[in-house]
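# Observations on the model geometry
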Amino acid sequence: MKRTKRDDATSSRTAPTEQTSGAAATEQDRPRDASGSNGATAPDTAAALPFGGLAIDFSTDTGAVPIATSVPTIAFGPDIAPVELTPGGPDEHRFEHGRTESKVLIVGSGPAGLTAAIYAARANLTPIVLAGSAPGGQLMITSDVENYPGFPDGIQGPDLMAAFRAQAERFGTHIVDVDVDRVDFSSRPFRLWAHATEYRAESVIIATGASAIWLGLESETRFRGRGVSACATCDGFFFRDKEIGVVGGGDTALEEATFLTRFASKVHLLHRRDQFRGSKIMVQRALDHPKIEVHFNTAVDEVLGDTHVERLRLRDTVTGRQWEMPAQGLFIAIGHKPDSEPFRDWLEVDAKGYLVVNDQTNTKIEGVFVAGDVHDHRYRQAVTAAGDGCRAAIDAERWLEAQGIIEASTASAW
């Protein structure tokens, strides 16, 4: 049979792989989904992640993974070219700042920041991304992501962010894994300092995100991705017909507990005080729901189990009495903290510290734009953050054109 060019191209591509953060994965030590169950079949060979080898291992919790000597690829199918992952991150780039001036500088490296970088780079804006010392955003501590379009079998959070990063770098984005210490938005070019280095840019996109507030328990950290979660929308599906706990007393906890009744057989709503802080309608809805059992004056002291959550050690906050309760999952819903601290002296923030946007992605300072969870406390999803990053990059490009800093283009590079 005569072989076509398509046959040659297809056979030369790397077979689709699923990266792991440790050595060769076995049935026992494959990454697990949020409920603690084994996910899709993992390959037999290890694949190093970018971000300087920093990865979350949901099976052994051994911590950071050394940079591999060989560079892996991610192949998504026969019609899409594989993506070569170039190792980078704190270990490689922390002291290699490279260029420090750009038309657009992006702060943050979650879905919002890296999407903004992809769009800005394709518009020839030569973006710099200050990615943070823990790059990748919240998805770096997320196991199976099953609600991001384009991955019918789901994808590990760190793998998804590796692909984001590789795509941004492919178009010339310069990424430095450092935290921003302070900024000066008094005049252009805007000035930002990170790790004793000054960066300058004609425009800035802030996409630093927001971090879930956790209980601070060692066992809570150990079981993240194995039954402990801070996102019911992301992980609720994994807890079908299981008994779970939800911690919190505000509208977020009440809403997530109600949402989780779609999947769980029973939801225990655990609140350390004797009354809820949420709105009356949300409180009544939770109290009336047959699947929700409310536990007032109750705190979680420890998460217990072997390879995944099996029970919770609870404490009465009034009497001090302790007891154990069976549960296969625990959702922490006590709030999020926006990572907006370096910008609060310059930009408007709301009562909770989230940056305030005016007219889509703009701020009160022309040339400074905002994207993602650092302002969005309603949706907090990877896909909405990515959309925000796209909008901010387009807004920044159009603003730079209006200022005459770049030449206006009649044809979009997006």
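Residues numbered from 1 in each chain as written. Predicted model: local features only at pLDDT ≥ 70, side-chain atom pairs only at ≥ 80, totals over all residues. Heavy atoms only, no water.

### Topic: a nonpolar patch on the surface
The criterion, for reference: To count toward a patch, a residue needs a relative accessible area over 30% and no salt bridge; like charges are then connected within 9 Å, while nonpolar side chains (Val, Leu, Ile, Met, Phe, Trp, Tyr) are connected within 5 Å. Surface accessibility in these figures is a Shrake-Rupley result with a 1.4 Å probe; residues are shielded only by whichever protein chains are displayed. Throughout this description, the term salt bridge denotes a Lys or Arg side-chain nitrogen within 4 Å of a carboxyl oxygen of Asp or Glu. Strands here mean DSSP runs of E at least two residues long; helices mean DSSP runs of H or I at least four residues long; both are numbered from the N terminus.
There is a patch of nonpolar side chains on the surface, built from Ile213, Leu215 and Ile334 and spanning about 200 Å² of accessible area. For Ile334, the position within the fold is in the loop between strand S19 (329-332) and strand S20 (336-338).

### Thoughts on unusual backbone geometry
Rules: Buried residues are those whose accessible area, probed at 1.4 Å on protein chains only, stays under 20% of the maximum for their type, while exposed residues exceed 50% and partly exposed ones sit between those limits.
In this chain, Arg188 is followed by Pro189 through a cis amide linkage whose omega measures 0°. By the element assignment, Pro189 lies in the loop between strand S8 (180-184) and strand S9 (190-194). A positive phi angle, near 50°, is found at His195, a position not held by glycine. Tracing the chain through its elements places His195 in the loop between S9 and strand S10 (197-206). Located in the positive-phi region is Gln360, a residue other than glycine, with phi close to 75°. Relative to the elements of secondary structure, Gln360 occurs in the loop between S20 and strand S21 (368-370). Residue classification places Gln360 among the partly exposed positions, given a relative accessible area of 47%.

### Points about the sheet that holds strand S18 (residues 322-326)
For clarity, the cut-off: Strand pairing is assigned whenever DSSP identifies at least 2 bridges connecting the two strands. With axes taken as lines fitted to C-alpha atoms, and helix axes fitted only over the stretch in contact, angles between N-to-C directions fall between 0 and 180 degrees.
The strand order S16-S17-S18 describes an open sheet built from three strands, whose pairing is antiparallel. Sheet topology places strand S16 (298-305) and S18 at the edges, where each strand pairs with a single neighbour. Here the strands of the sheet are splayed against their neighbours by 30° on average, with no regard to which way each runs. Bridge count for S16 against strand S17 (residues 309-316) is seven bridges, and the pairing is antiparallel. Looking at the pairing, Glu302 lines up with Arg313 of S17.

### Let's talk about the nonpolar core
How we decide: In plain words, nonpolar cores are sets of buried Ala, Val, Leu, Ile, Met, Phe, Trp, Tyr and Cys residues tied together by side-chain atoms within 4.5 Å.
Formed by 36 residues in total, the largest nonpolar core has its most connected members in Ile106, Leu125, Tyr148, Leu160 and Ile205. Contributing elements (two or more residues each) for this core: strand S3 (101-107), helix H3 (111-122), helix H4 (157-170) and helix H9 (382-402). One finds Phe185, Phe190, Tyr199 and Val204 within the second-largest nonpolar core, a separate group that totals 23 residues.

### Things to note about the confidence of the model for the protein chain
The cut-off we apply is this: The pLDDT score gives, residue by residue, the confidence of the prediction method on a 0 to 100 scale. Here a residue-residue contact requires only that any non-hydrogen atoms of the pair lie within 4.5 Å.
Within the protein chain, residue pLDDT values average 82, and 75% of them lie at 70 or more. Counting contacts from residues 83-95, a segment whose pLDDT is below 50, to residues more than four positions away or on other chains yields 53 contacts.

### Focus on the sheet that holds strand S12 (residues 228-229)
The five strands are arranged S12-S19-S13-S14-S15 in an open sheet whose pairing can be described as parallel. Two strands bound the open sheet, and with one partner strand each, they are S12 and strand S15 (292-295). Direction of pairing for strand S13 (residues 243-247) relative to strand S14 (residues 266-270): parallel, over a ladder of five bridges. Of the residues in S14, the one forming a bridge with Ile244 is Val267.

### Brief notes about the packing of aromatic side chains
Two aromatic rings, taken as a pair, are described by how far apart their centres are and by the angle between their planes. Basically, it comes down to this: Pairs were defined over the aromatic rings of Phe, Tyr and Trp, the Trp ring being its six-membered one, requiring ring centres within 6.5 Å. Orientation was assigned from the angle between planes: stacked under 30 degrees, edge-to-face over 60, tilted for the rest. Cation placement over rings: the criterion is NZ of Lys or CZ of Arg within 6 Å of the ring centroid and within 35° of the ring normal.
Inspection of the entire model under this criterion finds 10 aromatic pairs. Measuring from ring centre to ring centre gives 5.1 Å for Phe239 and Phe331, while their planes differ by 70°; the resulting arrangement is edge-to-face. Linking Phe239 in the loop between helix H6 (232-235) and S13 with Phe331 in strand S19, this pair joins segments that are 92 residues apart in sequence. A single burial state applies to Phe239 and to Phe331, both of which are buried. For the pair Phe369 and Trp399, a centre-to-centre distance of 6.5 Å together with 75° between the ring planes defines the contact as edge-to-face. Pair noted here: Phe369 is in strand S21 and Trp399 is in helix H9, with a separation of 30 residues, a long-range link. A single burial state applies to Phe369 and to Trp399, both of which are buried. What links up through ring pairs into an aromatic cluster is the set Phe185, Phe190, Phe343 and Trp346. When the ring centre of Trp214 is taken as reference, the NZ or CZ atom of Arg224 above it lies at 3.9 Å.

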